[in-house]
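Examination of the molecular architecture
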Amino acid sequence: MIGLSKKMRVWARFVSLAGLLSFTAGASGPLAQTPDAEKEIERYREMISDPMSNPGFLAVDRGQVVWGEKRGAKNVSLETCDMGLGAGKLEGAYARMPRYFADADQVMEIEQRLLWCMEKIQGLDTKDVIARRFSAPGRDSDMEDLVAFIANKSTGFKIEPQTSHPKEAELTAIGEAMFYRRAGVMDFACATCHGEPGKRIRLQGLPDFSKPGKQAQETMGSWPTYRVSQSALRTMQHRLWDCFRQQRWPAPDYASEGLTALVMFLNKQAAGGEITVPSIKR
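These notes cover the structure that comes with them. (Residues numbered from 1 in each chain as written. Predicted model: local features only at pLDDT ≥ 70, side-chain atom pairs only at ≥ 80, totals over all residues. Heavy atoms only, no water.)

1. Some words on the packing of aromatic side chains
- According to the stated counting rule, one finds six aromatic pairs in the structure shown.
- Taken together, a centroid distance of 5.5 Å and an interplanar angle of 45° make the contact between Phe 134 and Trp 241 tilted. Pair noted here: Phe 134 is in the loop between α5 (127–131) and α6 (142–152) and Trp 241 is in helix α10 (residues 236–246), with a separation of 107 residues, a long-range link.
- Its relative accessible area of 10% is what places Phe 134 among the buried residues.
- A residue is classified by how much of its surface remains accessible, and Trp 241, at 28% relative accessible area, is partly exposed.
- Between Phe 179 and Tyr 180, the aromatic rings sit 4.9 Å apart at their centres with planes inclined by 85°, giving edge-to-face as the arrangement.
- On the accessibility criterion, Tyr 180 (40% relative accessible area) is partly exposed. (Phe/Tyr/Trp six-rings, centres within 6.5 Å; stacked < 30°, edge-to-face > 60°. Helix = DSSP H or I, 4+ residues; strand = E, 2+ residues; numbered from the N terminus. Buried < 20%, exposed > 50% of the residue type's maximum accessible area, 1.4 Å probe, protein only.)

2. Notes on helix α4 (residues 110–122)
- The terminal C-alpha atoms of α4, which comprises 13 residues, lie 17 Å apart, in line with the 18 Å expected from a rise of 1.5 Å per residue.
- Counting buried residues in α4 gives eleven out of 13 residues, a clear majority hidden from the surface.
- Among the residues of α4, those classed as buried are Ile 110, Glu 111, Gln 112, Arg 113, Leu 114, Leu 115, Trp 116, Cys 117, Met 118, Ile 121 and Gln 122.
- For α4, the N-terminal cap is Glu 109; the gap from its side-chain oxygen to the backbone nitrogen of Glu 111 is 2.7 Å.
- Where α4 ends, the next residue or the one after it, Gly 123, has phi of about 65°, a positive value. (Expected span 1.5 Å × (residues − 1). Polar contact = N/O pair within 3.5 Å; in protein donor to acceptor, adjacent residues only side chain to side chain.)

3. Notes on the nonpolar core
- By size, the foremost hydrophobic cluster in this structure holds 53 residues, and its most contacted members are Trp 67, Met 83 and Leu 114.
- Secondary structure elements with two or more residues in this core: α3 (56–68), α4, α6, α8 (190–194), α9 (214–220), α10 and α11 (257–269).
- Not counting residues within four places of it along the chain, the set of residues in contact with Leu 114 comprises Trp 67, Leu 78, Met 83, Met 143, Leu 146, Val 147 and Ile 150. (Core = buried A, V, L, I, M, F, W, Y, C linked by side-chain atoms within 4.5 Å. Contact = heavy atoms within 4.5 Å.)

4. Observations concerning the pattern of salt bridges
- For the structure on display, the rule yields 17 salt bridges.
- Close ionic contact of Asp 103 with Arg 113 constitutes a salt bridge, the shortest N to O distance being 2.7 Å. In this pair, Asp 103 sits in the loop between β1 (99–101) and β2 (106–108) while Arg 113 sits in helix α4, placing the two residues ten residues apart along the sequence.
- Given a relative accessible area of 1%, Arg 113 falls into the buried group.
- Linking Glu 196 and Lys 199 is a salt bridge whose minimum nitrogen-to-oxygen distance equals 3.7 Å.
- Salt bridges sharing common partners tie together Arg 71, Asp 128, Arg 132, Asp 140 and Asp 142. (Salt bridge = Lys/Arg side-chain N within 4 Å of Asp/Glu carboxyl O.)

Shown next as structure tokens:
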């Protein structure tokens, strides 16, 4: 436990910077555009990135409990679930997902795979898990916690897109097509916001995924993340769901093949990026 005085100092810095962020987020003048504002945001993130200050690590701890909990008709835990490197082996597994799983004959990202393991290994009815796929006030999420726990085991590993299997290559190509596909009432595509450098929404800089490199690496290497504005840990499934919502597209099905394809493409652009999760964002 950190001492009371240190807690108070962290909280004081948090409040002061939160006030700055609140002010600048609604600003339309020079402050909203200056590099100094972005530096303050980065300083704020650095101060609360420590495990003792980042609430996302609470989700990691909860996920470890869920991973080892015996549930379902078979009354077993998820500890024999194969995330790609063998039964129960988690170190570096997230860095190589999505990937093809022979036992399911399907390319899966992490949440797809967890649902499959719950159903096949535990005999668990996943209806409630899916209903709570995204947490909310008074509603926790086993899936968010599990993703935080498993992804954290890949911190320090490099993103390794898996494209050697024909189904992996196919989904990566589909994901690229989805990235550039314009549709919906706003005629938006993912590329509308993330297809060229220098774009932003208010204070938020938007990463450019149109070419491989640093921006894609830093973005994909930082999910799952704790969202301060939502007081919750969020997974890539939530990020993509929210992007589709903002584009006014129909909501994508949870853990669907289409979302897996999109993540495959984004990871291809982020190849070699270092994973550091859970991170913390606005």
